[in-house]
Amino acid sequence: YLVPVVILIVGPATWVEKFPEARGTRQSPVDIVTSRASSGGSAPPLVWRYSVNHPRSVVNPGYCWRVDENGYDSELRGGPLGSDVYKLQQWHCHWGSVNGEGSEHTVDGRAFSGELHLVHWNTSKYNSFTEAAGQPDGLAVLGVLLMVGSKHDELDKVVRLLPYIQHKGDKVTFSEPLNPANLLPKRIAYWTYPGSLTTPPCTESVTWILFKEPVQVSAEQVRLNLCYYVNGKNV
Ligand SMILES: NS(=O)(=O)c1ccc(C(=O)NCc2ccc(F)cc2)cc1
Ligand SMILES: [Zn+2]
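Quantities reported herein were computed from a predicted structural model and do not represent experimental measurements.

Asks: I'd like a rundown of the overall build of the chain, residues and numbers included.
Replies: When you go through the chain residue by residue, the secondary structure sums to 4 helices and 13 strands. With 235 residues in all, the chain has 47% of them scored as buried. Considering only contacts within the chain whose residues lie at least 6 apart along the sequence, 70% involve residues at least 24 apart. Surface accessibility of the chain: about 11600 Å² in total, with carbon and sulfur atoms responsible for 55%.

Laid out in structure tokens, this is it:
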């Protein structure tokens, strides 16, 4: 008998219809082909400073989780960012449906178990995140590759709150001190390229800065993320 084949046309393949930017020339994520990466030359060091003691909210946007910085002060400058100063808007993660395939960027074709994105906008040139998100030098995202290993204590301050935001739109506010700098790897060598938001509206406004060294999270932390968000669906 004939098996009814229903091909759901959802996801990236249909984004170009609604978001023309998705057809652009600098779309993210990409595969980082390490042999083709040029050395950093004389780029100045990348410098960041984050505030630690302020209330943050963890939100379930429908894919993974997002932590909003609620406008508190922070700075990212240097590296490929010229003389502009960027401010942390939010940070969020991407996990896969099974271990080992959650990251958005791949390195020489290899995917990681997850990927953390710290999203900053250019406060030297623009007046809001939304305005900056439409400009080629508007955003800078620090990407951190996640691999299964030892438990990550700083990240656990968020992971332990996931049971309280199981449905899309849920939000919980916490004021436990947290330093986003502790989410970054020890070695700060990175790849950088001009790219885009990886989800709609896919605007080509992101200077990507992807750290080379993966950060370890425990298998339990991956499982907790997986059991709450599998490809945008809560399970
Ligand atoms: N995965 S990623 O780091 O590339 C990424 C970062 C932020 C956003 C986002 O803010 N979208 C909503 C949005 C986008 C543009 C706006 F102008 C307003 C809101 C999407 C993807
Ligand atoms: Zn992201």
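Asks: Tell me what's going on with the coordination of the zinc ion (ligand 2), and back it up with residues and numbers.
Replies: Within the first shell, the zinc ion (ligand 2) binds the protein through His92 (NE2), His94 (NE2) and His117 (ND1), at distances of 2.0 Å. One can describe the donor arrangement at the zinc ion (ligand 2) as tetrahedral, given that its 4 donor atoms subtend angles of 99 to 115 degrees at the metal. Using a relative accessible area of 8% as the deciding quantity, one classes His94 as buried. When its relative accessible area of 1% is taken as the criterion, His117 is described as buried.

Asks: Go over the site of ligand 1 with me, naming the residues and quoting the values.
Replies: Residues in contact with ligand 1 amount to 15 residues; listed here are only the nearest, His92, His94, His117, Thr198 and Thr199. Contact between ligand 1 and His94: a nitrogen atom at 3.2 Å from a side-chain N or O atom of the residue. Measuring from a nitrogen atom of ligand 1, one finds a side-chain N or O atom of His117 at 3.4 Å. Isolated, ligand 1 exposes 490 Å² of accessible area, and the fraction of that covered by the protein chains is 79%. Listed by contribution, the elements that provide at least two residues to the shell around ligand 1 are β6 (86–95), β8 (114–122) and α2 (129–132). In terms of residue count, the dominant contributor to the shell around ligand 1 is β6 (3 residues). Split into classes, the residues belonging to the shell around ligand 1 amount to 7 nonpolar, 7 polar and 1 charged.

Asks: Outline the pairing of strand β9 (residues 139–148), listing residues and values.
Replies: For β9, a buried count of 8 out of 10 residues is recorded, marking the element as mostly surrounded by other parts of the structure. Pairing of β8 with β9 involves 8 bridges; the strand directions are antiparallel. Across the sheet, Glu115 pairs through a bridge with Leu145, a residue of β9. Direction of pairing for β9 relative to strand β12 (residues 206–211): parallel, over a ladder of 5 bridges. Residue pairing for β12: Gly143 is matched across the bridge by Leu210. Of the strand pairs in this sheet, β9 and strand β13 (residues 215–217) are connected by 3 bridges, and their pairing is parallel. When the sheet's bridge partners are listed, Val148 is paired in β13 with Val217.

Asks: Tell me about the pairing of strand β10 (residues 171–174), residues and numbers included.
Replies: With burial as the criterion, only one face of β10 is covered, namely that bearing Val172 and Phe174; the residues Lys171 and Thr173 on the opposite face remain uncovered. Sheet analysis places strand β3 (residues 56–59) next to β10, joined by 4 bridges and oriented antiparallel. Each residue of the ladder has a partner; that of Arg56, found in β10, is Phe174.

Asks: Which residues make up the nonpolar core, and what values go with them?
Replies: One finds Val58, Trp65, Trp91, Trp95, Leu118 and Leu142 to be the most contacted residues of the largest nonpolar core, which totals 37 residues. It is β6 that provides the largest number of residues to this core, a total of 5 residues. Not counting the four nearest positions on each side in its chain, Trp91 is found in contact with Arg56, Trp65, Arg66, Val67, Glu69, His117, Leu118, Val158, Leu178, Pro180 and Leu183. The next biggest cluster of nonpolar side chains, apart from the first, holds 17 residues, and it includes Trp121, Tyr126, Leu139 and Val141.

Asks: Give a description of the environment of Pro163 that names residues and reports values.
Replies: Its place among the elements puts Pro163 in the loop between α3 (153–159) and β10. By relative accessible area, Pro163 is classed as partly exposed at 32%. Sequence separation between Pro163 and Val222 is 59 residues, and the spatial gap between their C-alpha atoms is 14 Å.

Criteria and cut-off values
Residues numbered from 1 in each chain as written. Chains lettered and ligands numbered in written order. Predicted model: local features only at pLDDT ≥ 70, side-chain atom pairs only at ≥ 80, totals over all residues. Heavy atoms only, no water. Helix = DSSP H or I, 4+ residues; strand = E, 2+ residues; numbered from the N terminus. Buried < 20%, exposed > 50% of the residue type's maximum accessible area, 1.4 Å probe, protein only. Contact = heavy atoms within 4.5 Å. Areas by Shrake-Rupley, 256 points an atom, 1.4 Å probe, with all protein chains shown as cover. Donors = N, O, S within 2.8 Å, 3.2 Å for Na, K, Ca; no water. Tetrahedral: all angles 85-135°; square planar, octahedral: opposite > 155°, others 65-115°. Near = heavy atom within 4 Å. Polar contact = N/O pair within 3.5 Å; in protein donor to acceptor, adjacent residues only side chain to side chain. Nonpolar A, V, L, I, M, F, W, Y, C, P; charged D, E, K, R; others polar. Pairing = 2+ DSSP bridges. Core = buried A, V, L, I, M, F, W, Y, C linked by side-chain atoms within 4.5 Å.

All we've got here are geometric facts, nothing functional implied.
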